[in-house]
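Observations on chain architecture
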Amino acid sequence: MSVIVLGIESSCDDTSAAVIRDGYLLSNVIASQAVHEAYGGVVPELASRAHQQNIVPVVHEALKRAGVAKEELSAVAFTRGPGLMGSLLVGVSFAKGFARALGIPLIDVNHLNGHVLAHFIQTEGEENRVPRFPFLCLLVSGGNSQIILVEAYNDMRILGQTIDDAAGEAIDKCSKVMGLGYPGGPIIDKLARQGNPKAYTFSKPHIPRLDYSFSGLKTSFLYSLRDWLTDDPDFVEHHKADLAASLEATVVDILMDKLRKAAKQYDIKEVAVAGGVSANNGLREAFRQHAERYGWNIFIPKFSYTTDNAAMIAMNGYFKYLDKDFCPIDLPAYSRVTM
Ligand code: KG4
């Protein structure tokens with residue numbers, strides 16, 4: 001009999017629901033929240049209110065597109081954390097109520113594991129290459145920058161992570177001070193394609209082990225920009241492509257330096273990238289160069305699986321279902337990173 005899992009994701013500002021049957025994705029519906037644009041960042045209270053409005057229609061649409069009746073579902077998987085507590089609560093509460101009403105198991109999913117296992121999502125008629133265990137995954141998003149050693153679907157270990165800002169957060173903040181808009185990642189990416197990555201140098205961190213730090217880069221960017229703007233108030237307007245290209249190149253260098261170190265230390269050549277920042281063209285290109293130069297077998301997700309989505313949550317739920325790894329109904333959401 002088929003295993004059909006409904007996945008629900010509401011950890012930040014995207015309400016998403018997806019249906020997976022036997023590891024194959026049937027639908028993945030995402031309602032993004034434009035309400036935050038005016039504020040230059042996600043406003044938690046507005047996010048949870050928007051989730052409340054979106055959750056029922058998004059789940060309804062996901063089931064409809066999948067051609068699955070709710071009575072056919074085997075389990076409901078939901079993002080338990082990390083994320084914004086008010087946002088998580090909407091998805092968690094909905095999932096609990098839905099599973100209880102249908103009398104089916106409930107499966108909690110760690111959002112970060114979800115990003116990693118997005119590499120295993122299959123779609124009908126389009127067989128996807130999947131990484132072999134053990135592999136390394138560089139998980140880069142607005143809230144996290146981590147190097148993860150993935151030994152099995154349910155066995156992951158964080159080898160290194162940011163001690164301050166995340167890569168995406170640093171890019172977003174630099175974009176904001178340049179007045180380029182929110183979220184900065186896609187804007188910087190687009191501008192960087194027309195600029196010279198060697199035009200400016202910003203400071204790079206020197207911290208031990210496999211950990212990251214991005215707050216020094218952010219500060220060095222801000223101070224440099226302040227000096228340039230004092231000399232020329234139109235500096236950003238005249239140099240934004242070079243600024244974006246140089247900023248992007250620095251972030252990518254910082255990320256790849258530690259990832260290379262991890263690959264060497266653990267003698268692993270299967271290397272994946274995941275999370276919102278994995279949409280970045282400079283980072284994707286760096287992965288391709290590393291594949292050529294160091295013989296890495298690389299895994300870069302489809303654009304639709306880079307940002308928050310419920311397909312990856314449903315996929316995680318599917319693997320946990322096979323292990324009969326269900327959770328009790330009183331399991332609370334959590335906002336901080338654990339794995
Ligand atoms: O994984 P994600 O969707 O969720 C959160 O962590 O909230 O990641 C969002 C991050 C943001 O910082 C955004 O600016 C960044 O991913 N991002 C990008 C690109 N697209 C999204 N950063 C660089 N280049 C991109 N093309």
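Notes on the structure follow.

Analysis parameters
- Residues numbered from 1 in each chain as written.
- Predicted model: local features only at pLDDT ≥ 70, side-chain atom pairs only at ≥ 80, totals over all residues.
- Heavy atoms only, no water.
- Near = heavy atom within 4 Å.
- Polar contact = N/O pair within 3.5 Å; in protein donor to acceptor, adjacent residues only side chain to side chain.
- Areas by Shrake-Rupley, 256 points an atom, 1.4 Å probe, with all protein chains shown as cover.
- Helix = DSSP H or I, 4+ residues; strand = E, 2+ residues; numbered from the N terminus.
- Nonpolar A, V, L, I, M, F, W, Y, C, P; charged D, E, K, R; others polar.
- Domains from an automatic or database assignment.
- Expected span 1.5 Å × (residues − 1).
- Buried < 20%, exposed > 50% of the residue type's maximum accessible area, 1.4 Å probe, protein only.
- Contact = heavy atoms within 4.5 Å.

**Some remarks on the site of the ligand**
For the ligand, the set of nearby residues contains 18 residues, the closest of which are G142, D172, G185, D189 and G276. Measuring from a nitrogen atom of the ligand, one finds a side-chain N or O atom of D189 at 2.8 Å. Contact with the protein chains covers 86% of the free accessible surface of the ligand, which is 560 Å². Mapped by element, the contributors of at least two residues to the shell around the ligand are α4 (167–177) and α5 (184–192). Tallied by class, the residues present in the shell around the ligand amount to five nonpolar, ten polar and three charged. Among the domains, domain 1 (4–127 + 305–322) and domain 2 (135–301) are the pair contributing at least three residues each to the shell around the ligand.

**A word on helix α9 (residues 311–322)**
The first and last C-alpha atoms of α9 sit 17 Å apart over twelve residues, in line with the 16 Å expected at 1.5 Å per residue. Burial analysis of α9 places eleven of its twelve residues in the buried class, which makes it a mostly covered element. Along α9, the positions that sit buried rather than exposed are A311, M312, I313, A314, M315, N316, G317, Y318, F319, K320 and Y321. Packed against the buried residues of α9 are β1 (4–9), β2 (14–21), β3 (24–32), β4 (75–81), β5 (106–110) and α3 (111–117). One or two steps after α9, the chain reaches K324, where phi turns positive at roughly 55°.

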